[in-house]
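# Survey of secondary and tertiary structure
Each chain is listed here by its residues.
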Amino acid sequence: MGKSPRHLLGLQGLGDRAMADIVARAETIQARGARPVCAGQQAVLAFFEPSTRTSTSFALAFQRLGGQVVMLNVAQSSAQKGETLHDSLSTLLAMQPHFLVLRHGQNGGLQPLAAATETSVVNAGDGAGEHPTQALLDALTVKQIKGRLNDLTVAIVGDIRHSRVARSNAHLWRQMGSRVVMVAPPELLPDVDDYPFAFFSTDMAQGLKKADVIITLRLQKERLEKQLTISADDYHIRYGMDHEKLSYAAPDAVVLHPGPMNRGVEISSTLADDATRCAVLRQVTNGVATRMAVFEWLTHAA
Ligand code: NCD
């Protein structure tokens with residue numbers, strides 16, 4: 001039996017030193033190239049929810065570190081034959097891969113599984129729970145643009161209630177010593193108890209005031225408990241990020257979006273394509289280095 005494996009299940013409770021360590025590793029990898037710290041190792045990627053950038057990015061990251069990736073094809077897996085998620089995961093873990101990267105629709109529940117395995121478990125998005133690597137790549141992007149992670153005002157805008165990206169980002173920015181503001185229509189704001197440290201607003205002009213960073217979120221229709229009372233058109237007029245609403249924020253504010261974008265709903269097409277203000281593709285590029293950094297950190301490499 002080796003050293004007990006590290007896992008990355010969420011950023012709540014991870015600690016600012018570990019987060020800063022991962023961001024610093026990603027910067028080093030971008031500046032000096034990667035070391036083959038995962039040579040001879042295997043990672044299973046199991047995505048039970050749709051993914052374009054996260055799954056591809058994890059696969060490229062692991063391969064660039066010298067490792068081999070097996071991607072479970074969920075559409076053709078035994079999940080379609082009625083196997084429970086728990087049984088599918090126990091099955092994958094019984095094959096003893098070095099890493100299991102997992103995305104699924106249930107909130108939380110990975111702790112007991114991770115505690116009982118020698119495999120390093122990485123959360124690539126659990127329901128409306130967490131999406132730690134997304135927040136870490138957002139941090140790397142902000143560090144490159146703003147030069148720091150502390151003393152910033154970070155506004156998270158949109159469907160915060162159902163967003164794992166919002167949860168991981170909120171915990172990251174709070175730990176880094178930045179302010180978190182949440183802006184959404186009342187029905188998409190989260191419970192205050194979930195984020196006692198954040199400022200809440202239902203008004204864009206008020207909520208975006210002095211924001212240095214604006215994280216725009218998709219309406220997570222697949223997680224809505226009931227129909228929204230606001231139409232997509234009204235939503236765009238009142239909460240969709242565009243150049244006009246950007247003028248409420250600090251003059252050099254940057255807009256982030258985790259993707260996939262719904263143009264004309266949570267973000268205007270013109271802003272989405274304005275690389276001087278919107279960092280969406282830079283985030284994707286940074287995702288690969290960040291996930292390499294996460295694997296490196298998980299291997300305890302110095
Ligand atoms: C996000 C996700 O899946 O949580 N996308 C991503 O991983 N880049 C956000 C979303 O689905 O809207």
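The following paragraphs examine the structure supplied in this document. (Residues numbered from 1 in each chain as written. Predicted model: local features only at pLDDT ≥ 70, side-chain atom pairs only at ≥ 80, totals over all residues. Heavy atoms only, no water.)

## Observations concerning the site of the ligand
Taken together, Arg53, Thr54, Arg103, His131, Gln134, Arg164, Val165, Arg218, Gln220, Pro258, Gly259 and Pro260 form the complete shell of residues around the ligand. At a separation of 3.3 Å, a nitrogen atom of the ligand approaches a polar side-chain atom of Gln134. Those elements that place two or more of their residues in the shell around the ligand are α2 (53-64) and α6 (164-175). Looking at the shell around the ligand residue by residue, the class counts come to three nonpolar, five polar and four charged. (Near = heavy atom within 4 Å. Polar contact = N/O pair within 3.5 Å; in protein donor to acceptor, adjacent residues only side chain to side chain. Helix = DSSP H or I, 4+ residues; strand = E, 2+ residues; numbered from the N terminus. Nonpolar A, V, L, I, M, F, W, Y, C, P; charged D, E, K, R; others polar.)

## Topic: the nonpolar core
Trp173, Ile214 and Phe295 are the most contacted members of the largest nonpolar core, which has 82 residues in total. The element that contributes the greatest number of residues to this core is helix α11 (residues 280-298), accounting for nine residues. The residues contacting Phe295, other than those within four sequence positions of it, are Cys38, Phe58, Ala61, Phe62, Leu65, Phe99 and Val101. The next biggest cluster of nonpolar side chains, apart from the first, holds 13 residues, and it includes Leu92, Leu102, Leu110 and Val121. (Core = buried A, V, L, I, M, F, W, Y, C linked by side-chain atoms within 4.5 Å. Buried < 20%, exposed > 50% of the residue type's maximum accessible area, 1.4 Å probe, protein only. Contact = heavy atoms within 4.5 Å.)

## Focus on the packing of aromatic side chains
Counted according to the given criterion, the structure contains six aromatic pairs. For the pair Phe62 and Phe99, a centre-to-centre distance of 5.2 Å together with 70° between the ring planes defines the contact as edge-to-face. Residue Phe62 is located in helix α2, and its partner Phe99 is located in strand β3 (residues 99-104); the two are separated by 37 residues in the primary sequence. An identical accessibility class is assigned to Phe62 and Phe99; each is buried. The structure contains a cluster of three or more aromatic residues connected by ring pairs, namely Phe58, Phe62, Phe99 and Phe295. Seen from the ring of Phe58, Arg291 lies directly overhead, with NZ or CZ sitting 4.9 Å from the centre. (Phe/Tyr/Trp six-rings, centres within 6.5 Å; stacked < 30°, edge-to-face > 60°. Lys NZ or Arg CZ within 6 Å of the ring centre and 35° of its normal.)

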